[in-house]
Amino acid sequence: DIVEIAIPSSVKKVDDSVFKECTSLKKVDFKKGIETIGKYVFKDCTSLEKIILPRTLKKCSSTIIKNCENVTFRVRKNSYAYRFVKKQKFKYKVKK
């Protein structure tokens, strides 16, 4: 079971439903380079606690998470990711 994963900087896009129903997953760290995250990528990832989004993110589906009650996003202030999580009313913390 995957508990933690770091998406390397060589990955520019994550397609829909990639980690769907990965119930053991707790932390996902998107490294600089990711630009697009699809729909339902983390649907029913019930143990998910933290998703780290870098400044390079340019587009993210509003349905990135579904049935993930305890997740908190880590974002940089004044980035697309910051504006995105605020608009979606997702729980977030600003990275220093």
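Here the residue index of a chain counts from 1 through its sequence in written order. Whole-chain, interface and lining totals are the exception, using all residues; otherwise, since this is a predicted model, local features are given only for residues with pLDDT of at least 70 and side-chain atom pairs are given and counted only at 80 or more. Think of the side-chain values as coming from all heavy atoms in the structure, minus any hydrogens and water.

*Asks:* Describe the overall build of the protein chain, listing the residues and the values that go with them.
*Replies:* Along its length, the protein chain carries 1 helix and 10 strands. For the protein chain, the sequential pattern of α-helices and β-strands runs β-β-β-β-β-β-β-β-β-α-β. Radius of gyration: over C-alpha atoms. The globule rule applied is 2.2 Å multiplied by the number of residues raised to the 0.38 power. Radius of gyration (C-alpha) of the protein chain: 12 Å, near the 12 Å computed for a compact globule of 96 residues. Seen along its three principal axes, the alpha-carbon backbone of the protein chain occupies a region of about 35 × 30 × 25 Å. Burial here depends on accessible area, computed with a 1.4 Å probe over protein chains only, as a share of the maximum for the residue type. Under 20% is buried, over 50% is exposed, and the range in between is partly exposed. Across the 96 residues in the protein chain, those meeting the buried criterion constitute 40%. Contacts: residue pairs with any heavy atoms within 4.5 Å of one another. Long-range pairs, those at least 24 residues apart, make up 20% of the contacts in the protein chain between residues at least 6 apart in sequence. As displayed, the protein chain offers around 5,700 Å² of accessible surface, 45% of which is attributable to carbon and sulfur atoms. Distance between charge centres in the protein chain, computed from 25 positive and 10 negative side chains, equals 11 Å. Secondary structure is summarised from DSSP: a helix means a run of H or I of at least four residues, a strand means a run of E of at least two, and numbering begins at the N terminus for each. Accessible areas in this description were obtained via Shrake-Rupley with a 1.4 Å probe; residue shielding takes into account the shown protein chains only. In summary, the charge assignment counts Lys and Arg as positive and Asp and Glu as negative, without counting His or the chain termini. A charge is said to be at NZ when it belongs to Lys, at CZ for Arg, at CG for Asp and at CD for Glu.

*Asks:* Break down the packing of aromatic side chains for me, citing the residues and quoting the values.
*Replies:* Note on aromatic contacts: the rings of Phe and Tyr and the six-membered ring of Trp form a pair at centre separations within 6.5 Å, being stacked when their planes are under 30 degrees apart, edge-to-face when over 60 apart, and tilted otherwise. Tallying each qualifying case throughout the model produces 6 aromatic pairs. Here Phe73 and Phe90 contribute two aromatic rings whose centre-to-centre distance is 5.2 Å and whose plane-to-plane angle is 20°, an arrangement assigned as stacked. Highlighted residues: Phe73 in strand β9 (residues 72-75) and Phe90 in the loop between α1 (80-88) and β10 (92-94), separated in sequence by 17 residues. Taken as a pair, Phe73 and Phe90 share a single burial class, namely buried. Ring centres of Tyr80 and Phe84 lie 6.0 Å apart, and the angle between their planes is 20°; on these two criteria the pair is classed as stacked. Of this pair, Tyr80 and Phe84 both sit in helix α1, separated by 4 residues, roughly a single helical turn. On the accessibility criterion, Phe84 (6% relative accessible area) is buried.

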